[in-house]
Amino acid sequence: MTQNLDALKWSPRDPSFRADPYPWYKALREQTPVLAHHEVGFVVSRYADIEALLRDPRLGVSTPSPWREVMAEAASPALRRLAELTLLFIDPPEHSRVRATFAKAFTPRRIAALQPHLEKTIDSILDRLDPQDEFDLMTEIAEPFPILSITHLLGVPESDWTELHRWTTEITAFNELPIDLSALPAANEAATDFDAYCRTIIDERRSNPGEDLISALLTAEEDGTGLSVDEIVAMLILLLMAGHDTTKSLISSGLRELLRHPDQAELLRNDPSLISSAIEELLRFESPLHVASGGGRWASEPFELHGVTITPGAAVRLLLGSGNRDPDAFENPDRLDIQRAPKPHLAFGKGIHFCIGAALGRQESQIVISRVLTRFPDLEVTKDELTWRSNFVTRQLTELPVRRAARSAS
Ligand code: HEM
């Protein structure tokens with residue numbers, strides 16, 4: 001089917017593209033590696049170009065743009081603050097200051113220390129499940145686990161997770177391509193509620209500091225070297241959002257791929273030390289984010305790429321999901337191979353915006369995927385055709401119904 005696709009006819013709105021983007025990515029890479037698209041801007045689909053542009057200082061994220069105009073005119077103050085203050089939407093030198101300050105509190109040691117809690121959390125989720133019965137792995141495991149992990153890290157009540165999940169869904173719906181203005185009212189309201197929620201938590205933590213990440217950020221703020229309260233609020237919202245939806249995608253798509261590639265699942269069960277290369281391969285194969293930063297990258301000066309002049313007036317869309325299936329970067333890219341020789345994928349980005357939560361995302365998915373495969377060795381997906389959320393930027397299954405294979409055989 002790929003041979004027949006005309007890359008110039010590619011549309012980010014096409015339901016067939018959203019259901020299965022890979023044939024279209026192939027057509028884009030082969031026929032027009034830089035497509036000037038009237039709705040979304042310059043679409044870049046090859047691994048080498050994406051890798052280079054992610055590191056290119058001529059591209060910024062806070063450049064004035066139509067997206068910023070929408071934000072300035074129609075976004076609620078809370079949503080606007082998110083667009084102006086969070087790491088993903090700021091450039092150096094501000095970006096360097098905020099990221100370095102945040103990194104002082106979000107240390108590898110703090111993440112490693114989460115391990116026992118993460119193990120306890122997944123065990124208690126799995127203890128409650130009976131794999132004899134069909135259950136939706138998405139709602140029972142992939143959705144709650146990452147958010148319970150991030151709430152623990154931040155020291156916010158676990159019982160708030162459904163609310164946090166709803167706010168995240170409403171805000172990220174506005175982060176889609178092309179921009180959907182009908183999603184703005186719900187995003188505005190969610191950002192306002194989310195903002196108020198974070199401020200309450202910050203006030204509580206100020207009077208009653210703990211060992212959590214928020215208390216650590218406040219300590220830095222009080223000694224004058226840290227982030228402002230608005231910056232901390234924006235950071236918390238970004239962490240709660242970025243820190244769970246992507247990991248939810250990785251856990252669900254990852255387990256789905258292993259269940260439909262039993263040879264790969266068996267390899268992993270027989271040699272648990274393969275878990276870290278398995279996670280890297282799953283990140284490459286079904287990347288949770290298919291496009292780098294929702295607001296896009298914007299050129300500060302015109303430059304040429306594959307004969308196309310990238311002008312400052314339109315966004316540059318870097319297709320991470322396409323780069324990760326580029327045969328010039330990965331041999332046999334459409335084959336899942338958990339023993340693939342190490343080669344950096346693009347799923348966490350590159351350069352200065354490289355995912356700050358990559359270690360946590362990896363740690364969480366390693367724990368869940370290993371535990372599910374060993375505790376429920378004969379799990380199978382009960383539907384042949386699964387549906388994906390109708391999104392472009394985020395790639396996520398809508399459900400993952402499973403049960404034990406033995407039961408279906410009996
Ligand atoms: C499998 C899980 C995850 C994936 C695939 C993922 C993917 C990404 C990608 C692609 C970027 C760079 C976007 C760009 O350059 O435009 C990014 C940035 C970011 N991620 Fe993640 N992420 C994951 C998990 C997490 C977690 C667990 C957290 C927080 C605890 C997190 C927090 C962030 C933050 C704060 C940024 C912005 C960094 C910056 O702009 O300097 N992510 N992530």
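In what follows, the structure referred to is the one given above.
Residues numbered from 1 in each chain as written. Predicted model: local features only at pLDDT ≥ 70, side-chain atom pairs only at ≥ 80, totals over all residues. Heavy atoms only, no water.

**Some remarks on the coordination of the iron atom of the ligand**
Among all protein atoms, only Cys355 (SG) binds the iron atom of the ligand, sitting 2.3 Å from it. The residue Cys355 is located in the loop between helix H17 (320-323) and helix H18 (358-375) in this model. (Donors = N, O, S within 2.8 Å, 3.2 Å for Na, K, Ca; no water. Helix = DSSP H or I, 4+ residues; strand = E, 2+ residues; numbered from the N terminus.)

**As for the sheet that holds strand S8 (residues 315-318)**
Taken in spatial order, the five strands make up an open sheet running S1-S2-S8-S5-S3, and their pairing is mixed. The open sheet has two free edges, formed respectively by strand S1 (34-37) and strand S3 (59-60), since each of these has just one partner strand. Here S3 runs beside strand S5 (residues 297-299); their pairing, made up of two bridges, is antiparallel. When the bridges of S5 are listed, Leu59 appears paired with Ala299. Along the sheet, helix H3 (residues 47-54) contacts strand S2 (41-44), S3, S5 and S8; its crossing angle with S8, the most-contacted strand, is approximately 125 degrees. (Pairing = 2+ DSSP bridges. Contact = heavy atoms within 4.5 Å. Axes fitted to C-alpha atoms, helices over the stretch in contact; angles between N-to-C directions.)

**Some words on the site of the ligand**
In the vicinity of the ligand there are 29 residues, among which His95, Ser293, Arg297, His353 and Cys355 approach most closely. One of the backbone nitrogen or oxygen atoms of Leu87 is found 3.4 Å away from an oxygen atom of the ligand. For the ligand, an oxygen atom lies 2.7 Å from a polar atom in the side chain of Arg99. By residue number, the principal contributor to the shell around the ligand is helix H14 (residues 229-260), which donates seven residues. (Near = heavy atom within 4 Å. Polar contact = N/O pair within 3.5 Å; in protein donor to acceptor, adjacent residues only side chain to side chain.)

**Remarks on the layout of surface pockets**
Taken as a whole, the largest pocket encloses approximately 310 Å³ of empty space. Lining the largest pocket are 19 residues, with Ala19, Asp20, Leu386, Trp388 and Arg395 positioned closest to its centre. If you list the elements that add at least two residues to the lining of the largest pocket, you get helix H1 (15-19) and H14. When grouped by side-chain class, the residues that make up the lining of the largest pocket number six nonpolar, two polar and 11 charged. Taken as a whole, the second largest pocket spans an internal volume of roughly 230 Å³. Mapped onto the lining of the second largest pocket, the elements with two or more residues apiece are helix H4 (66-74) and S8. (1 Å grid on protein atoms, 1.4 Å probe; cavity = no way out; pocket = protein on both sides within 12 Å on 5 of 7 lines; lining within 4 Å. Points joined across faces, edges and corners; volume = space filled by probe spheres on them. Nonpolar A, V, L, I, M, F, W, Y, C, P; charged D, E, K, R; others polar.)

**Thoughts on the sheet that holds strand S10 (residues 401-404)**
The strand order S4-S10-S9 describes an open sheet built from three strands, whose pairing is antiparallel. On the outer flanks of this sheet lie strand S4 (135-136) and strand S9 (379-381), each paired with one strand and no other. Alignment of S4 against S10, held across two bridges, turns out to be antiparallel. Within the sheet, the bridge partner assigned to Asp136 lies in S10 and is Pro401.

**As for the pairing of S2**
Relative to S2, S1 is paired through four bridges, and the arrangement is antiparallel. Residue pairing for S2: His37 is matched across the bridge by Gly41. Linkage of S1 to S2, two consecutive antiparallel strands, is achieved through a turn of three residues.

**Describing the pairing of S10**
Looking at chain direction, S9 and S10 are connected through three bridges and run antiparallel. Across the sheet, the residue bridging to Val381 is Val402, located in S10.

**Thoughts on the environment of Val381**
Assignment of secondary structure puts Val381 in strand S9. Using a relative accessible area of 22% as the deciding quantity, one classes Val381 as partly exposed. The sequence separation of Val381 and Pro272 amounts to 109 residues, and the corresponding C-alpha distance is 22 Å. For Val381, the contacting residues outside a window of four places in its chain are Leu259, Leu386, Leu400, Pro401 and Val402. (Buried < 20%, exposed > 50% of the residue type's maximum accessible area, 1.4 Å probe, protein only.)

**Quick word on the packing of aromatic side chains**
Tallying each qualifying case throughout the model produces 11 aromatic pairs. Aromatic pair Phe17 and Phe392: ring centres 5.3 Å apart, planes at 75 degrees, arrangement edge-to-face. Within this pair, whereas Phe17 is found in helix H1, its partner Phe392 is found in the loop between S9 and S10, the two being separated by 375 residues in sequence. You can call Phe17 buried: its relative accessible area is 1%. Site record: aromatic cluster; members linked through ring pairs are Trp10, Phe17, Tyr22, Tyr25 and Phe392. Seen from the ring of Phe303, Arg58 lies directly overhead, with NZ or CZ sitting 4.0 Å from the centre. (Phe/Tyr/Trp six-rings, centres within 6.5 Å; stacked < 30°, edge-to-face > 60°. Lys NZ or Arg CZ within 6 Å of the ring centre and 35° of its normal.)

**Focus on empty space enclosed by the protein**
This structure, assessed with the given rule, holds four cavities of 30 Å³ or more. The volume enclosed by the second largest cavity comes to roughly 70 Å³. Lining of the second largest cavity is provided by Phe17, Arg18, Pro21, Tyr25, His290, Trp388, Arg389, Asn391, Phe392, Thr394, Arg395 and Gln396. Of the residues belonging to the lining of the second largest cavity, the class tally is five nonpolar, four polar and three charged.

**Digging into the nonpolar core**
Counting residues in each nonpolar core, the largest one holds 96 residues, and the members touching the most others are Leu79, Ile141, Leu154, Phe194, Leu213, Leu268 and Ile369. With 15 residues, H14 is the single largest residue contributor to this core. For Ile141, the residues in contact, after removing those within four places along its chain, are Ile122, Ile125, Leu126, Leu129, Phe135, Pro146, Val368 and Val372. Residues Phe42, Ala292, Val316 and Ala329 belong to the second largest nonpolar core, which totals 19 residues. (Core = buried A, V, L, I, M, F, W, Y, C linked by side-chain atoms within 4.5 Å.)

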